[in-house]
Amino acid sequence: MILQADGLRKFYGEFCALDGVSLRVDAGEFVSIIGPNGAGKSTLINILTGITRPSAGSVRFKDREVGGIGPVRLARLGMARSFQLVQIFPDLTVLETLQAAGVARLGRGGRLFASLAGDREVQEAALEVVELFGLGDKRHTLARQLPQGDKKLLDVASAFALRPEIILLDEPTSGVSTADKTAIMETLVTASRRIGLRAIIQVEHDMDIVFAYSDRIIALHEGKVLADAAPAAIQADQRVIDTVIGRRAGAR
Amino acid sequence: MKGGLVVVVATGAVAAAPLVASTYHVLLMLPFMAYAVVLLGLNLLFGYAGLVSFGHALFIGIGAYTGAFLTTHGRVRSLEVILVCAAVLGGLVAVPVAALCVRYVKIYFGMLTLAFGMVFYTFVLKFYRLTGGDEGTPFLRPSLLGRSLDAMPKIDYLVGPYYYYALAVLILATLGMWRIVHSPFGLCLKTIRDNPVKAETLGIGVTRYRFYAFIISAIYAAVGGALLGPPTGNVDPTLAYWTHSGNLVFMTLLGGFASFFGPVVGAFVFIYLQNWVMSIVPYWRLIFGAMLAIIVIFAPQGLMGLVTRRRPVPPSRA
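Residues numbered from 1 in each chain as written. Chains lettered and ligands numbered in written order. Predicted model: local features only at pLDDT ≥ 70, side-chain atom pairs only at ≥ 80, totals over all residues.

Enquirer: Just to check I follow, could you spell out the pairing of strand S2 (residues 15-25) of chain A for this structure?
Expert: Every regular strand shows the same layout, with side chains that alternate between the two sheet faces. Residue and element names in this part refer to chain A. Note: strand S1 (residues 3-12) against S2, 8 bridges, orientation antiparallel. Looking at S2, one finds that Tyr12 is bridged to Phe15. Hairpin geometry of S1 and S2 is characterised by an intervening segment of 2 residues between the two adjacent antiparallel strands and by a positive phi of about 65° at Gly13. (Pairing = 2+ DSSP bridges. Helix = DSSP H or I, 4+ residues; strand = E, 2+ residues; numbered from the N terminus.)

Enquirer: I tried to follow the environment of Gln4 of chain A on my own but got confused; where do I start?
Expert: All names here are of chain A. Relative to the assigned elements, Gln4 resides in strand S1. Assessed through the 16 C-beta atoms surrounding it within 10 Å, Gln4 is described here as partly exposed. The sequence separation of Gln4 and Arg198 amounts to 194 residues, and the corresponding C-alpha distance is 14 Å. Sequence-distant contacts of Gln4, defined by excluding residues within four places in its chain, comprise Arg24 and Arg60. (Buried ≥ 20, exposed ≤ 12 C-beta atoms within 10 Å, placed from the backbone. Contact = placed C-beta atoms within 7 Å.)

Enquirer: Help me out: how do you make sense of the nonpolar core in this one?
Expert: The tendency in soluble globular proteins is for nonpolar side chains to be buried side by side. Judged by nonpolar contacts, the single largest core of 180 residues is most densely connected at Val37, Ala222 and Val223 of chain B. In contact with Val37 of chain B, not counting residues within four places along its chain, are Val169, Leu170, Ala173, Tyr220, Val223, Gly224 and Leu227 of chain B. (Core = buried A, V, L, I, M, F, W, Y, C linked by C-beta atoms within 7 Å.)

Enquirer: Would you explain the sheet that holds strand S6 (residues 166-170) of chain A in this entry?
Expert: Pairing between the strands of a sheet comes from backbone hydrogen bonds, and it takes one of two forms, parallel or antiparallel. All names here are of chain A. One open sheet holds the 6 strands; their spatial order is S5-S6-S7-S3-S8-S9, and the pairing between them is mixed. The open sheet is flanked by strand S5 (79-82) and strand S9 (224-229), the only strands paired with a single partner. Taking the axes of each pair of neighbouring strands and ignoring which way they run, one obtains an average angle of 15° across the sheet. Across 4 bridges, the pairing between strand S3 (residues 30-34) and strand S8 (residues 216-221) is parallel. Each bridged residue has a counterpart across the sheet, and for Val31 the counterpart in S8 is Arg216. Of the strands in this sheet, S3, S8 and S9 are in contact with helix H9 (residues 238-245), which crosses S9 at around 125°. (Axes fitted to C-alpha atoms, helices over the stretch in contact; angles between N-to-C directions.)

Now the structure itself:
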């Protein structure tokens, strides 16, 4: 087990966004979280990645309680994430963005007078991720000048540049064209093998992507776990078809 | 390369100024160099960390009063000692101020820094026995590199040894800040300026970096403040007044906070423009207010933004 959540509850005022969610992710797994809008998917990801503190319940990462410890400490422990709405550093180039991830990973941020250009480890690590994600010809382009698909890719790439043990991707293909979706997922899977990622959790609406890449699927509905099973079992679960997947995927 | 050549030529021109320019204009270069040091630090906070301080006159005041106290009460005349003491005291005072202020951003950060600045202003104004109140405290002529220059006429001292001493401090401060903004620390600051939420998910502790940036900027402001003292020979509470902090922000906007040398250019243009406008109209603040509005609306990147555009940085210079 690499990540485990038990009895997570989250209230916003009187509204219960998560109601007793428990899950477990083992090394080597690619887990997808699905559910209709308002099911609590993003709340769950935000709790798992330390951005939001749960109202109740616990989150354990590598046998350590991490509920609410914050994203900075979680990143240092080996957990990375990307966002549903693309998060970039608009005035940094692609290379600078990945250098920043390298600086953070290697704990070099406190070096006041050291030359960033002279730090070979940071430079080589950034260039490796640039090539891994096919952003080589855009490495000197400002992030804000990238096309939307490349912004999304850069957001994911910067999370990979942390060389985490587990990565949580909040809709990694949202807002990009259908053609780009598969390319992003293929890049992501290749990159995860190259850096030795132990597990991937993704929130995704595109069921073709979910069923093509997942080892296990967790379906959420109204803040509760509706089903937690292998893709074949999820496709056969009438409750999931009715509330989450819909007729199109259910007819597969 | 072209930018480097411009910097070398500009530095040469500043160094040659006492040889070719009138004494009047050379004397105007002294506050320019002091403010340039202050603004290099302020822009670490403003341009690189995304925090606008309206209270940095506090640290100018710390630096200036440190020099005044050491020369009048402490019998210390060495400018090297004064600058080191100003830097240390500025940094120490900045610790609690930064610890409180950097937890906030935008207008809340600005107002908190303004409040601390006004607390210090009130302190130096009201504690008459200690600070001389509104009359201020004399800043006796400091020695430079162990040489006492008391026998030299004041103007000769200021346009000669003191001028080059201030230039040397400015060059050192510039080189130091250049290294800082091109260091891993500087890159982390830029991530925080651009997107603090994303920076945190990369493991970059936003509050901690903002804190260090504040301390460094305060040290620069205190050193610049100490350099402001000798030309006038007296320091008074107006140095710590909030309008002085406003002038610092104005200079930074005028030159352009997005450029490393923008604030330095802003300090230069501000000093000479203020001097020129004051000589022709009594309502110079009216003119400057209109200018500020024009800059913010039509040239948000300041003067440097009008002459340069950001180009991709090759890896060897990143």
